[in-house]
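Remarks on the overall topology
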Amino acid sequence: GWREFLAAWTGYGVQADEIRELSDERVLVLLHAVGRGRSSGVELNQTSTQGANLFHLSGGMVTRLTIYFDHTHALDDLRLAE
C-alpha cells in the first residue's frame, strides 16, 4: 500500500517544523508533508498537511512511534498548548 501511495507523488517527504523534547523518553516532532501529485500537479504544501510524530525512546533507540495526520490531535492528546 505504501508503494502505491508514494507512486502517486513526485518528491514526497516530510519536513520538521518543530521538535519538542517532552521527557527523556518522548520527543514530539511537528511536521508537514511536501511533494507534488504526479497526475494532478497539486503541491502538498497547498493543502492541510500538518502532522506530528511522537517518538518513544529507550537506550537511544525508538521503541514506539505514534503518527498523527493532524498536529492538533497530537497536541490535544498530549495536553500541550499550541
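Residues numbered from 1 in each chain as written. Predicted model: local features only at pLDDT ≥ 70, side-chain atom pairs only at ≥ 80, totals over all residues. Heavy atoms only, no water.

Turning our eyes to something else, we now look at the layout of surface pockets. Here the idea is plain: a probe the size of a water molecule rolls over the atoms and shows the empty space left. Of the volumes computed, that of the largest pocket is approximately 350 Å³. Considering the residues around the largest pocket, the lining is formed by 18 residues, among which Tyr 12, Val 14, Leu 31, Ala 33 and Phe 69 are closest to the centre. For the lining of the largest pocket, the secondary structure elements donating two or more residues are α1 (2–7), β1 (9–23), β2 (26–37), β3 (50–58) and β4 (61–68). In terms of residues, the lining of the largest pocket owes the most to one element, β3, which gives four residues. Looking at the lining of the largest pocket residue by residue, the classes come out as twelve nonpolar, six polar and no charged. (1 Å grid on protein atoms, 1.4 Å probe; cavity = no way out; pocket = protein on both sides within 12 Å on 5 of 7 lines; lining within 4 Å. Points joined across faces, edges and corners; volume = space filled by probe spheres on them. Helix = DSSP H or I, 4+ residues; strand = E, 2+ residues; numbered from the N terminus. Nonpolar A, V, L, I, M, F, W, Y, C, P; charged D, E, K, R; others polar.)

A separate point is the sheet that holds β3. Overall, antiparallel pairing links the four strands, which are arranged β1-β2-β3-β4 in an open sheet. Edge positions in the sheet fall to β1 and β4, since each has one partner strand and no second. The average angle at which neighbouring strand axes cross in this sheet is 25°, direction not considered. Bridge count between β1 and β2: eleven bridges; the pairing is antiparallel. Within β2, the position partnered with Ile 19 by the bridge is Val 29. (Pairing = 2+ DSSP bridges. Axes fitted to C-alpha atoms, helices over the stretch in contact; angles between N-to-C directions.)

Turning our eyes to something else, we now look at the environment of Gly 11. Within the fold, Gly 11 resides in strand β1. Given a relative accessible area of 58%, Gly 11 falls into the exposed group. A C-alpha to C-alpha distance of 12 Å links Gly 11 and Asn 45, two positions 34 residues apart in sequence. Look past the residues within four positions of Gly 11 in its chain and what remains in contact with it is Val 34 and Gly 35. (Buried < 20%, exposed > 50% of the residue type's maximum accessible area, 1.4 Å probe, protein only. Contact = heavy atoms within 4.5 Å.)

For the rest of this paragraph, the subject is the confidence of the model for the protein. With 95% of its residues at a pLDDT of at least 70, the protein reaches an overall mean of 91. The weakest mean pLDDT in the protein belongs to α1 at 91; the strongest belongs to β4 at 97. (pLDDT = per-residue confidence, 0-100.)

Pairing of β3 with β4, which is carried by seven bridges, proceeds in the antiparallel orientation. Residue pairing for β4: Asn 53 is matched across the bridge by Ile 67. Linking two consecutive strands that pair antiparallel, namely β3 and β4, is a turn of two residues; a positive phi of about 60° is found at Gly 59 within it.

Next up on the list: the nonpolar core. Leu 28, Leu 30, Ala 52, Leu 54, Tyr 68, Ala 74, Leu 75 and Leu 78 together form the largest nonpolar core, which totals eight residues. Contributing elements (two or more residues each) for this core: β2, β3 and α2 (71–77). If we skip the residues at most four places from it in the chain, Leu 28 touches Glu 18, Ile 19, Arg 20, Leu 22, Ala 52, Asn 53, Leu 54, Ala 74, Leu 75, Leu 78 and Leu 80. (Core = buried A, V, L, I, M, F, W, Y, C linked by side-chain atoms within 4.5 Å.)

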